[in-house]
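If you want the building blocks of each chain, they are given just below.
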Amino acid sequence: MKDLSARPHAGLSFTLPGLRAAYQAGVTPAEIIAEFQARLEAVNDPGIFIHLPQHEDLIASAEALGSFDPDKPLWGMPFAVKDNIDVAGMPTTAACPAYAYQPAEDAFVVARLRASGAIPVGKTNLDQFATGLVGVRSPYPIPKNSLDPDIVPGGSSGGSGVVVGHRLLPFSLGTDTAGSGRVPAALNDIVGLKPSLGALSPRGMVPACRTLDTISVFAQSVADARAVFKAAQGYDAAAAYSRRLDYAAQSDVPLRLGVPGHASLKFFGDDAQAASFAAAVEQAADRGAEMIEIDLTPFYDVAEMLYEGAWVAERFAAIEDVYRMEPDVLHPVTRAIIGKAEELSAADAFRGIYRLAELRRECEPILEAIDMMLVPTVPTFYTLADLEDDPVTPNSNLGTYTNFVNLLDLCALAVPVQPRDDGRPGNVTLIASAGHDLRLAAGASRLFG
């Protein structure tokens, strides 16, 4: 690794406050882009990015910002974009080279961030077609976990999680259907914001499950994630699944936290993870949260539906042309999972929809009795070797506390807590009803900031 101290901005904090202070002191965006590229070279991980523009093009984008503009909240902030979200001038592949296309315009969210002064610097690696929570289902080199290369990077937004985990950028965009904006956060010791469905327009994003998808945000702090969310969110009349959500109407309420009872917690034998979560619960209680024990059983029942019936068929609908015309270009695990849809009927899909409605009714009184839910982000950790032995079970287990969130139309925020006893990162997730994204950020800052 190169000696970073030899560079003038090597010690600079690549966070929103750190870079804003640097710009106010006279540092230029072009200098920050050059420093980002040097840091990326030093990390030496070819699996993080699928596409990186030429140095000259990135410098030109930085110089095009002109003089520092304090009215633009993200002025000069470099960020990465998961490669199933469109950025004009960069190909979109969804980690399937045969699927690649050149978008004519930015995704709605990317355009909002550019208008706030941010600079997209490249497209990050992912589990192909955003199907997976492990980060290894890609035809490209696999991104290495930023803390331990033996651990999976997390998916499907692996590259976006890793690049922020290395502190190479202040934030990145991922997507989240089953936990892809939260699992990489837990495994790379960063913040992962899974917004309310429709809060960030999905226009310009390759769908996985259109009814469940959202663009997500990775950042190094809750405050940074909140700032990016505020810049990116907004109603998009041209997107069928965009929603009008009134964040201004939110007000503080007593913090009643729903915490899973011991009988409904799952750690798959990982005692260090169990101890880490218990310590986080104790910290939240010490900081004033009222703990209300809840039963996660109906939430687990919802989670099991994600890869059954209607929602497997929805993934199939998103890539049917590729599946039928060029099945060999699909990752074998991705093809096997999505191919199950061929055994399903339209009646099966409706049965799934009806069952989900029943389970939502079971979850409603639990959610109405609390302000937020507090759960582990992941139940345990898995290594690359674990995935070689079994490519499916570890992936399913990683979604234990994430798979039900989008099906129930909830928002979630994954936040780092104290490291585990073995040194691996601790991370918990706060979950709330749709439209409470900013309240989640306030709660996380109060309890774990």
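Conventions we followed
Residues numbered from 1 in each chain as written. Predicted model: local features only at pLDDT ≥ 70, side-chain atom pairs only at ≥ 80, totals over all residues. Heavy atoms only, no water. Helix = DSSP H or I, 4+ residues; strand = E, 2+ residues; numbered from the N terminus. Contact = heavy atoms within 4.5 Å. Areas by Shrake-Rupley, 256 points an atom, 1.4 Å probe, with all protein chains shown as cover. Lys, Arg positive; Asp, Glu negative; His and termini not counted. Charge placed at Lys NZ, Arg CZ, Asp CG, Glu CD. Buried < 20%, exposed > 50% of the residue type's maximum accessible area, 1.4 Å probe, protein only. Pairing = 2+ DSSP bridges. Salt bridge = Lys/Arg side-chain N within 4 Å of Asp/Glu carboxyl O. Core = buried A, V, L, I, M, F, W, Y, C linked by side-chain atoms within 4.5 Å. Axes fitted to C-alpha atoms, helices over the stretch in contact; angles between N-to-C directions. Arc of directions from axis to C-beta. Polar contact = N/O pair within 3.5 Å; in protein donor to acceptor, adjacent residues only side chain to side chain. Left-handed = near helix turned anticlockwise from the far one by under 90°. Nonpolar A, V, L, I, M, F, W, Y, C, P; charged D, E, K, R; others polar.

Within the protein chain, the secondary structure is distributed over 16 helices and eleven strands. Structurally, the protein chain occupies a C-alpha span of about 55 × 55 × 45 Å along its principal axes. Of the contacts made within the protein chain by residues no fewer than 6 positions apart, 75% connect residues no fewer than 24 positions apart. Of the accessible surface of the protein chain, which amounts to about 17,200 Å², a share of 51% is contributed by carbon and sulfur atoms. Across the protein chain, the centroid of the 35 positively charged side chains sits 4 Å from that of the 55 negatively charged ones.

Attention shifts here to the pairing of strand 7 (residues 256–260). Counted residue by residue, strand 7 has four buried out of five residues, so it is predominantly covered. Here strand 7 pairs with strand 9 (residues 372–376) via two bridges, running parallel. Considered in strand 9, the bridge of Gly 258 is made with Met 373.

Here we take up helix 7 (residues 222–232). Among the residues making up helix 7, those that are buried are Val 222, Asp 224, Ala 225, Val 228, Phe 229, Ala 231 and Ala 232. Downstream of helix 7 by a residue or two, Gly 234 has a phi angle that is positive, lying close to 155 degrees.

With respect to the helices and strands, the residue Ser 264 is situated in the loop between strand 7 and helix 8 (271–286). Overall, Ser 264 belongs to the buried group, its relative accessible area being 7%. When the C-alpha positions of Ser 264 and Leu 296 are compared, they lie 5.7 Å apart, and in sequence the two are 32 residues distant. If sequence neighbours within four positions are ignored, Ser 264 has contacts with Ile 294, Asp 295, Leu 296 and Tyr 300.

All right, on to the pattern of salt bridges then. Evaluation of the coordinates by the stated rule reveals 15 salt bridges. Of the charged contacts in the structure, one is a salt bridge between Arg 203 and Asp 236, with a shortest N-O distance of 2.8 Å. Taken together, the residues span a long stretch of sequence, with Arg 203 in the loop between strand 5 (191–194) and strand 6 (214–219) and Asp 236 in the loop between helix 7 and strand 7 at a distance of 33 residues. Judged by its relative accessible area of 30%, Arg 203 falls in the partly exposed class. Two residues, Asp 422 and Arg 420, come together in a salt bridge whose shortest N-O distance is 2.6 Å. According to the relative accessible area criterion, Arg 420 is buried, its value standing at 5%.

On to the pairing of strand 5. The alternating pattern of strand 5 places Val 191 and Leu 193 on one face and Gly 192 and Lys 194 on the opposite face, and all of these are buried. Note that strand 5 and strand 10 (residues 410–417) share three bridges and pair antiparallel. Bridged to Leu 193 within strand 10 is Leu 413.

Here we take up the nonpolar core. As a rule of thumb, nonpolar side chains are buried together in soluble globular proteins. With 82 residues, the main nonpolar core has Leu 113, Phe 171, Leu 173, Leu 374 and Phe 448 as its most contacted residues. Grouped together as the second largest cluster of nonpolar side chains are 30 residues, Ala 178, Phe 299, Tyr 401 and Leu 410 included.

With that settled, consider unusual backbone geometry. Gly 155 connects to Ser 156 through a cis peptide bond whose omega is -5 degrees. With respect to the helices, strands and loops of the structure, Ser 156 is situated in the loop between strand 3 (119–124) and helix 5 (158–165). Of note, Phe 129 is a non-glycine position whose phi angle comes to about 55 degrees, a positive value. Taking relative accessible area as the criterion, Phe 129 reaches 4% and is therefore assigned buried. Located in the positive-phi region is Ala 130, a residue other than glycine, with phi close to 55 degrees.

Strand order in the open sheet made by the eleven strands is 1-3-2-4-6-5-10-11-9-7-8, with mixed pairing throughout. Sheet topology places strand 1 (49–51) and strand 8 (290–294) at the edges, where each strand pairs with a single neighbour. Recorded for the sheet is a direction-independent mean angle of 30 degrees between the axes of neighbouring strands. Note: strand 7 against strand 8, five bridges, orientation parallel. Note on strand 8: the bridge partner recorded for Leu 257 is Met 291.

For the rest of this paragraph, the subject is helix 1 (residues 16–24). Looking at helix 1, one finds that the buried residues are Leu 16, Gly 18, Leu 19, Ala 22 and Tyr 23. End-on view of helix 1: buried residues confined to an arc of 165 degrees, all on one side of the axis. Set apart from the buried face of helix 1 by more than 90 degrees, the exposed residues are Pro 17 and Gln 24. Turning to helix 1, the residues buried within the fold contact helix 2 (29–43), strand 2 (78–82), strand 4 (171–176) and helix 7. For helix 1, the side-chain oxygen to backbone nitrogen distance between the N-cap and Gly 18 is 3.1 Å, and the N-cap itself is Thr 15. Just downstream of helix 1 lies Gly 26, where phi reads positive at about 110 degrees.

To continue, consider the packing of helix 2 against helix 3 (residues 55–63). Taken N-terminus to C-terminus, the directions of helix 2 and helix 3 make an angle of 145 degrees; their axes are 8 Å apart at the nearest point. Pair helix 2 / helix 3 crosses with right-handed handedness. Taking contact as the criterion, the partners of Pro 29, Ala 30, Ile 33 and Gln 37 in helix 2 are, on helix 3, His 55, Leu 58, Ile 59, Ala 62 and Glu 63. By residue class, the composition of the contact of helix 2 with helix 3 is six nonpolar, two polar and one charged.

Any functional reading would require information that these geometric values do not contain.
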